[in-house]
Amino acid sequence: MTFTTRFAPSPTGPLHLGHAYSALLAYDMAVSEGGDFLLRIEDIDQSRSRAHWEDQIYGDLKWLGLTWPEPVIRQSERQPIYDQALDDLWSRGLLYPCSCNRKDIAAAASAPQEGAPLLGPDGIIYPGTCRVRWQGIDLSRRARPKDQPLRLNIAKAAQLVFGDAKPGGSFPELGLGPMKESGHIAFTPYELQTTIGDFVLSRRDMGTSYHLSVVLDDAAQKITHVVRGQDLFEAARIHVLLQALLDLPTPAYFHHRLIRDDAGKRLAKRDDARAIAKYRAEGASPQDIRAMVGFDPCRSLHR
Ligand code: GLU
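Residues numbered from 1 in each chain as written. Predicted model: local features only at pLDDT ≥ 70, side-chain atom pairs only at ≥ 80, totals over all residues. Heavy atoms only, no water.

**Student:** Lay out the nonpolar core in plain terms, naming residues and giving numbers.
**Tutor:** Leu152, Leu201, Leu241 and Leu245 are the most contacted members of the largest nonpolar core, which totals 47 residues. Setting aside chain neighbours within four positions, we find Leu201 in contact with Leu86, Leu89, Leu95, Leu150, Arg151, Leu152, Thr208, Ser209, Leu212 and Leu242. (Core = buried A, V, L, I, M, F, W, Y, C linked by side-chain atoms within 4.5 Å. Buried < 20%, exposed > 50% of the residue type's maximum accessible area, 1.4 Å probe, protein only. Contact = heavy atoms within 4.5 Å.)

Here it is as structure tokens:
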């Protein structure tokens, strides 16, 4: 299998130094292994994605010296693939519609007997209100609703793929998680239920979700090494579960440190001050950008 990495930005703002670090790392790793580096545009959020940001992504990455094969995959063109997977999961009785809004979830999760709401990778861990509402009803006999968010019944899903006897899921971490997790990362179905909960797999406004699309696209692009920021380390367990459910391979993960501003805060899309385009306009060179993100080309592992 060809060593393959990818960079998967969302065209919802300018690329900043954190993106440059991630893209350069994925690119250099592929080059040093004689493998492939792919680009994917994660534009499922059409309300925030803009064509001019996408154009700027191509321009910035080319300027940094990166090359990738064409055509580039754009998630907005892949809804039929996502629908197929959702139909599959729906027909296996693993999804249910959710009509709770943020306020309902916050209220149910912080009810007096529940204590403080627990947080998972997607925010407050869903307390299961709609799962209970649909209990005992065979939803798989009905058509899959397209106008409502669909949640994964994580207990049922984990039981199906990992069973009782097995230890659960795992993935190889070649970089570092936020708590310096590395190596063979294993987790149990119980941990999935208590630290992630029933997450949304298809959002009302986009007919898919980051988690579903990323897993399907990494598999379609035969990505062997997912290189991305540590902020997505917790999401890897969700991705491993989905890979097992959808019969997809689990790649190796390389979560890298985050580039922070002077106050130690992680850079966000709105950090225009750190936008690559701004440094370009000021006359910086791609080598300057590498130096700014502390990129040491002599080190093989960037943790
Ligand atoms: N599209 C995501 C972002 O821009 C990256 C997701 C990933 O690398 O898995 O943050």
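Here the narrative resumes.
**Student:** Could you give an account of the sheet that holds strand 10 (residues 200–202), naming the residues involved and the relevant values?
**Tutor:** Strand pairing in a sheet relies on backbone hydrogen bonds. The paired strands run either parallel or antiparallel. Pairing within the open sheet is antiparallel, and its 3 strands lie in the order 4-7-10. Taken across any chain shown, the strands that pair with only one partner, and hence form the sheet edges, are strand 4 (95–97) and strand 10. For this sheet, the mean angle separating the axes of adjacent strands, direction not counted, is 45 degrees. With 2 bridges joining them, strand 7 (residues 150–152) and strand 10 adopt antiparallel strand pairing. (Pairing = 2+ DSSP bridges. Helix = DSSP H or I, 4+ residues; strand = E, 2+ residues; numbered from the N terminus. Axes fitted to C-alpha atoms, helices over the stretch in contact; angles between N-to-C directions.)

**Student:** Can you explain the site of the ligand? Please cite residues and give values.
**Tutor:** In the vicinity of the ligand, the contacting residues are Arg6, Ala8, Pro9, Ser10, Glu42, Tyr210, Val214, Arg228 and Leu232. Here an oxygen atom of the ligand sits 2.6 Å away from a polar atom, N or O, in the side chain of Arg6. At a separation of 3.2 Å, an oxygen atom of the ligand approaches a polar side-chain atom of Arg228. Relative to its unbound accessible surface of 300 Å², the ligand loses 77% to contact with the protein. (Near = heavy atom within 4 Å. Polar contact = N/O pair within 3.5 Å; in protein donor to acceptor, adjacent residues only side chain to side chain. Areas by Shrake-Rupley, 256 points an atom, 1.4 Å probe, with all protein chains shown as cover.)

**Student:** I'd like a rundown of the side chain of His256, residues and numbers included.
**Tutor:** Along the chain, the position of His256 falls in strand 12 (residues 252–256). Residue His256 is classed as buried on the basis of its relative accessible area of 3%. A polar contact is formed between the side chain of His256 and the side chain of Ser22, at a distance of 2.7 Å.

**Student:** So, the packing of aromatic side chains: which residues are in play, and what are the values?
**Tutor:** The relation between two aromatic rings is expressed through the spacing of the ring centres and the mutual angle of the planes. Using the criterion set out here, one finds 5 aromatic pairs in the structure. Look at Phe162 and Phe187: their rings are 6.1 Å apart centre to centre, the planes differ by 80 degrees, and that puts the pair in the edge-to-face class. With Phe162 in helix 6 (residues 154–162) and Phe187 in strand 9 (residues 183–187), the pair connects residues that are 25 residues apart, well separated along the chain. A relative accessible area of 2% places Phe187 in the buried class. (Phe/Tyr/Trp six-rings, centres within 6.5 Å; stacked < 30°, edge-to-face > 60°.)

What is shown is where atoms sit, not what they do.
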